[in-house]
Amino acid sequence: MRHALLRMPGCAPALLALLLVWGAVPGVVAAQDWSGAGVQDAPQTDALPQVLTTSRLRQSKAQTPGTVTILEGELLRDLGVLNLWDAFRLVPGMTVGYVGSNDPVVSYHGTVAVEQRRLQVLVDGRSYYNASLADMDWTNLPVPIDAIDRIEVTRGPNAAAYGANSFLAVINIITRSPSDTHGVELRGTQGLRGDDGFGHYYGSVGSKTGPLDWRLSVNQRRSDGFDFRYRRDASGSRTDRTRNSRDGYDTLSINYSGELALGATDRLAVETGYHELNEKVDPSEYDGFNPITNPDITGEDWHGSITWHHEPSADRFFELQLYHQTRDRRQGWRASFPDPEAVLDDGAVPDGVTIPAFETDVNEDLEETRTHIEFQQTNVFSSTTQLVFGASYREDRYESDTFFNGSGETNRSRVFANLEHQPTPWLTTNLGGMWEDDSLSGSFFSPRGAANIHFSDNQTLRFVFSRAHRLPDPFESRPDWQYRGENVTPEELRPFLEGQRRGPNLSTASPEVRPLEEETITSREISYLYQKRMTTGLFQGEIKLFRDSLDNLISGVTNLGLNENDESRWDLENNVDQTQKGFELEANLEMRGSRLRLTYGYLDTEGRYTGERESDPERQRELVSLEQRLNARHSGSVAWIQRFGRGISGAVSYYFTDQLRNFHFERLDARVSRRWHLDTTMVELAGVYRHYLTEDPLYRKDNNWADQNHLFAEARLRF
């Protein structure tokens, strides 16, 4: 029997409405016994939460020009969230899936899945949106959950503040300040059942040395990935037979963070880090090459940033940030080609020469670097008016013999501003925008305007209009995709194939490759916010109605035609428009010793083919459906945290996603922990239990667990 808690579309909104009523009635919160609990166990409810991301101004939720979800690091740790991408199941309207070899993908309001290229992800102001292939590598984002202070998710376009590619939403991950992490902290998490190959080990040491607060941390993560996938027959179709998956990973991150006080008005923040990875890739992901060796991925990433904060007065301050980061991926394997004619273009060998089956080494190596400098100033003119403005310059370089036949670069200049003005006590207005000049796509402007009507100190009605762009990445607009053979066998073929780039030539010179334009989203939002401090707690509830028009979306297939029955095809084109509409609900009730949190999202999408290439109605429908592969009609979560005193706490969370590529996802998590406070030392032991309520694969038919019950053990030490 399938578990169906909250599956009915009307059930989750009904529970949220009940919570809204409960939170609105004063005096319903009972005091809890906090004897024996640590200082950090108590919720802080002295002030309503402030938002830092949406407009680059520090604002309350009642003043922000858009809906924002805040996920505190302590919330994620209390719920037993083990993977960073799983945290976004707590955000209404967000979906999480897996593609390729256990590659997680996160999206807001769905669209394409394999390369989620319409979501901006920032870590302490640094963009981790990949430069050349327009993707987000969640497995290798070097941010341990232990180091997270909070995550702010702006649910809607935000190119007005963060530029192109801040298309569907912006995720800003803010790490803990070194001044808050003095001492030594160790945490280990180990899988015991269901995912016994999972391990997460974190250690940090920090202190204050003169005017410098610093922290050095090491983080290792590993997983064996999914348990099994279905075998395929000679035609490539899945059969009922299964085999073990080969899609695990092992990563190591080392990070340093420091804050140096230079006086009463100035401070420097320095961050640097190194990340090493080793990912297993299932050979079936490269069936067209008939891999002889495993196409595993290794790599190294580096990042470094320095930020100068200058605050000469309480009403004027600025910051200057410079960061540089590199991303290096190495993926090579031995390939076998039993049918050479399928992979070699005409003219690859002289007339009269017969090419037998051959083997060669190929790769998909890729290097990327990004350098970014940005200035931002805030002026507080009065208690009712403040302005933030600034400018930035970014340069992205990339190099890949396989994808680009060499190297390339793009650069972008930006100027932005946002003005918040409160002409009357019952109205707050925000007006902002960003002008950008991109070396690949030209110049464009992204505006946003919002009017927040305050019915009272507790209630706000928000109207938001915004427009944003997503630029074609270099691989979409300037491809030169072929594979260079090395160590060709048999040896007599080396004069013709050794060191030559071969395969169907997909490049900007090919007639199939057409110039691409930027994608555009026009978003309209109406939202209602209710938030109130109570005697021993805080309640927040928010309802969002939206209608977004996504125009000129780039859809299509990139295929080298290496399988026997496949044809080489590159038919990317600005050929799909979408209208997305729906509503989202979020409610949070914090009390002394207890917290209840509910979310629900409903999404309805209508797509239209607008291109010129395809006249076949069936193919047109296929192209439209490609841009809806991560859309979920219903999604939501319920989370409850209870502290029982004497260091004992428990949490239960439930997540569901319905109508996601015809798959249904439901999972129930539970965590129980006990803390001991011994003078300056804290010890915590915990157990995390996960139960998958359905047997459906996780988004993709190859993503299967053999056991629906997963158990993990945690140990934490801080002194």
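(A) Spatial organisation of the sheet that holds strand β8 (residues 148–154). Pairing within the open sheet is mixed, and its five strands lie in the order β3-β8-β9-β6-β7. With partners counted over all chains shown, the strands left at the sheet margins are β3 (68–72) and β7 (126–127), one partner each. Bridging between β3 and β8 involves five bridges; their strand directions are antiparallel. By the bridge assignment, I70 is partnered in β8 with E152.

(B) A look at the side chain of D658. Among the structural elements, D658 can be located in strand β36 (residues 648–660). Here H664 takes part through its side chain, which lies 2.7 Å from a polar atom of the side chain of D658.

(C) Looking closely at the pairing of strand β18 (residues 316–337). Sheet analysis places strand β17 (residues 297–313) next to β18, joined by 15 bridges and oriented antiparallel. Paired with D301 across the strands is R327, a residue of β18. Two successive antiparallel strands, β17 and β18, enclose a turn made up of two residues. Here 14 bridges tie β18 to strand β20 (residues 366–382), and the two strands are oriented antiparallel to one another. Residue pairing across strands places D328 opposite E367, the latter belonging to β20. One ladder, built from six bridges, connects β18 with strand β19 (residues 358–363); its direction is antiparallel. Looking across to β19, one finds that S336 is bridged to E359.

(D) Examining the confidence of the model for the protein chain more closely. Averaged over every residue, the pLDDT of the protein chain is 88; residues scoring 70 or more account for 89%. In the model, residues 1–46 has pLDDT below 50 throughout and makes 83 contacts with residues more than four positions away in sequence or in other chains.

(E) Spotlight on a nonpolar patch on the surface. On the surface, L262, V270, I306, W308, L320, L322, I373 and Y393 cluster together to form a nonpolar patch covering roughly 630 Å² of accessible area. Elements with a minimum of two residues in the nonpolar patch: β17 and β18. In this fold, L262 is placed in the loop between β15 (249–261) and β16 (266–279). Taking the relative accessible area as the measure of exposure, L262 reaches 47% and is therefore partly exposed.

(F) Inspection of the pattern of salt bridges at higher detail. A complete count under the given rule lists 63 salt bridges for this structure. As a salt-bridge pair, R176 and E185 come within 3.7 Å of each other at their nearest N and O atoms. Both residues of the pair, R176 and E185, count as buried. Where R334 meets D361, a salt bridge forms, and the shortest distance between an N and an O atom there is 3.0 Å. Of the two residues, R334 is situated in strand β18 and D361 in strand β19; the sequence distance between them amounts to 27 residues. Among the charged side chains, a salt-bridge network with shared partners connects E74, R77, D146, R176, E185, R187, R671, R675, E684, E714 and R716.

(G) Inspection of the packing of aromatic side chains at higher detail. The full count for this structure, using the stated rule, is 26 aromatic pairs. Note on Y274 and W302: the rings are 4.6 Å apart at their centroids and 55 degrees apart in plane angle, and the pair reads as tilted. With a gap of 28 residues between them, Y274 in strand β16 and W302 in strand β17 connect regions that are remote in the sequence. With relative accessibility at 15%, the residue Y274 sits in the buried group. Here R56 stacks its cationic end above the ring of F416, 4.1 Å away from the centre of that ring.

Rules used in this analysis
Residues numbered from 1 in each chain as written. Predicted model: local features only at pLDDT ≥ 70, side-chain atom pairs only at ≥ 80, totals over all residues. Heavy atoms only, no water. Pairing = 2+ DSSP bridges. Helix = DSSP H or I, 4+ residues; strand = E, 2+ residues; numbered from the N terminus. Polar contact = N/O pair within 3.5 Å; in protein donor to acceptor, adjacent residues only side chain to side chain. pLDDT = per-residue confidence, 0-100. Contact = heavy atoms within 4.5 Å. Patch = residues over 30% accessible without salt bridge, like charges linked within 9 Å, V, L, I, M, F, W, Y side chains within 5 Å. Areas by Shrake-Rupley, 256 points an atom, 1.4 Å probe, with all protein chains shown as cover. Salt bridge = Lys/Arg side-chain N within 4 Å of Asp/Glu carboxyl O. Buried < 20%, exposed > 50% of the residue type's maximum accessible area, 1.4 Å probe, protein only. Phe/Tyr/Trp six-rings, centres within 6.5 Å; stacked < 30°, edge-to-face > 60°. Lys NZ or Arg CZ within 6 Å of the ring centre and 35° of its normal.

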